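Below, each chain spelled out in residue letters.
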Amino acid sequence: MRDFLRKYRLQIIAGVLLLAAFVFYSLNLTNRGHANAFERGVQTVFSPIARVVAKVSGGLSGVWNDYINLVDVRRENKELRESVKKLNTRLLESTEAELANERLKKLLEMKTSLKLPAIAASVIGEDGAPWFKTILIDRGRADGLREGMAVVASEGVVGQIVKVAGNSSRVLLISDNASAVAVVVQRSRARGVVKGKGGGRCALEFAVHGEDIKVGDMVIASGIGGLFPKGLPVGEVTMVKKGEYGIFQTIDVRPAVNITRLEEVLVLVSQNDD
Amino acid sequence: MTRILKITAILTALLVAQVTLLPPRLLDPFKPDLLLIAVTYLALTGTVRFGGGVAFLLGLVLDCFSGQYLGLNGFSFLAIYLVLEAIADRLYTDNLYLLILVVFLVTVLNGMLHLILLVIFSVADGVYATLLPALLPQGLVNALSVSLLSGFLIMKGAEDEK
């Protein structure tokens, strides 16, 4: 026995290590919706660095772009003078439109019965692997954020918070394969679930064969589950395929939010701490 | 002690680059997995003691910024480290082309390990549809990254010698 152990010592150690790592992974599967102490610790240590680097990187990009802009500045100046004249006219029109918009917005606000508190956050990092779709934002438990809160942008649904650390959080985007949002098609009120397909794509699933869904239809949150407010844009139907057989249609949805260009988001702070 | 701090600083810089600096500038799936490259290098050269533990820890740290499954990269990095460490003495590890080839193969292996663990244990249906098409480009990007990095280091070494 001792000879056996001595002979295969390295293989046994490697096996035990792999088994331990595997057990660790499996134990953490049940708790994947919450950040544990290790994840919180790492995020807490890393987020200030990420914040500084993101800021410096943005600043450097700005300086570089400004330099490039200087190259054609004289020619551009002439063109700009011309366009200023045109824009002045438009400005008057748009000021009128803006005032009208403000009035309409106030009217709309009066009609809105549900008000949700929201916290603005900046994106300071993206997922390290191409097959997962998560982002890192600069708000965390200290700001009142909790796992499961909805994240939106001005265009619509972004995703939900999955891991919260002290001053940063990870957001699972709707385009991730593990993501699902209950939706309705705005025009026909057909119900379904928008699931992530990776690579910035989503699919509308469980839409039965007879439902009236067309390319260009807007897909909005149904409010079922209580995570996303009802009516929030989720995406637009880009492809509908009705096979001869099968119960459901195959529908592709383009997310309303351009996830690759996301810089600021709003976290809807729900009072439910579950 | 200085050496440990130096390695920690390099690994932190790689993590920052992978998570914060590169993603806004590169499109999916052409984002290099710099930590995987580091694990490959450490395994082939045997630079650090308890390399398996370091690989596992690096995987866990990456898991804190990737996906939502803590331990996924931890397991795959450890497995890759152990395999490479076992065969490193039979390879001519000073050869740059070998490192590039190994990084490419390791990226594919890492992706396959992820795929197996995700398909069997997670609820992320259809992850294969995202993962499989991304494997080859990621392998090539990682190989390109390692060749650029090595080229830079070789040039720097030659300048230092002059």
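The preceding data block contains the structure.
Quick caveat: nothing in here was measured; it's all calculated off a predicted structure.

**Some thoughts on the environment of Ser175 of chain A**
The topology assignment puts Ser175 of chain A in the loop between strand S5 (169-173) and strand S6 (180-185). With 24 residues separating them along the chain, Ser175 of chain A and Gly199 of chain A place their C-alpha atoms 7.0 Å apart.

**Some points on the sheet that holds strand S7 (residues 191-198) of chain A**
Residues and elements named next belong to chain A. If you walk around this closed barrel you meet the 6 strands as S6-S7-S8-S11-S10-S9, and the pairing is antiparallel. For this sheet, the mean angle separating the axes of adjacent strands, direction not counted, is 40°. In this sheet, strand S9 (residues 218-221) lies alongside S6 in antiparallel orientation, the contact comprising 3 bridges. Bridging across to S9, Val184 finds its partner in Ile220.

**Considering helix H1 (residues 2-21) of chain B**
All names here are of chain B. Buried within H1 are the following residues: Leu15, Val16, Gln18, Val19 and Thr20. Seen along its axis, H1 keeps its buried residues to an arc of 170°; they face one direction. In H1, those exposed residues whose orientation departs by more than 90 degrees from the buried face are Thr2, Arg3, Lys6, Ala9 and Ile10.

**Here's the deal with the pairing of strand S4 (residues 156-164) of chain A**
Residue and element names in this part refer to chain A. The element S4 is extensively covered by neighbouring structure, given that 9 of its 9 residues are classed as buried. Inspection of the sheet shows strand S3 (residues 150-153) paired to S4 by 4 bridges, in the antiparallel sense. Pairing of Ala153 across the sheet is with Gly156, part of S4. Where S3 folds back on S4, the antiparallel hairpin that results is connected by 2 residues. Pairing of S4 with S5 involves 5 bridges; the strand directions are antiparallel. Its bridge partner being in S5, Lys163 is matched across the sheet by Arg170.

**Considerations on the sheet that holds strand S12 (residues 264-268) of chain A**
Residue and element names in this part refer to chain A. In space, the 6 strands of this closed barrel follow the order S1-S2-S5-S4-S3-S12, with antiparallel pairing throughout. Here the strands of the sheet are splayed against their neighbours by 45° on average, with no regard to which way each runs. Where S3 meets S12, 3 bridges bridge the pair, whose relative direction is antiparallel. Note that in S12 the partner of Ala150 across the bridge is Leu268.

What counts, and where the lines are drawn
- Starting afresh in each chain, residues are numbered from 1 along the sequence in its written order.
- Here chains are named by letter from A upward and ligands by number from 1 upward, in the order in which they appear as written.
- Reporting of local features is limited, given that this is a predicted model, to residues whose pLDDT is at least 70; pairs of side-chain atoms are given and counted only at 80 or more, and all residues count toward the totals for whole chains, interfaces and linings.
- Only runs of H or I of at least four residues qualify as helices and only runs of E of at least two qualify as strands under DSSP, and these elements are numbered from the N terminus.
- At least two bridges found by DSSP between two strands is the condition for calling them paired.
- Structural elements are reduced to axes, namely lines fitted to C-alpha atoms, with helices fitted over the stretch in contact, and the angle between N-to-C directions of any two is expressed from 0 to 180 degrees.
- The burial criterion counts other C-beta atoms lying within 10 Å of a residue's C-beta, which is placed from the backbone; the residue is buried at 20 or more, exposed at 12 or fewer, and partly exposed between these limits.
- Each C-beta atom gives one direction from the helix axis, and the arc is the one those directions make.

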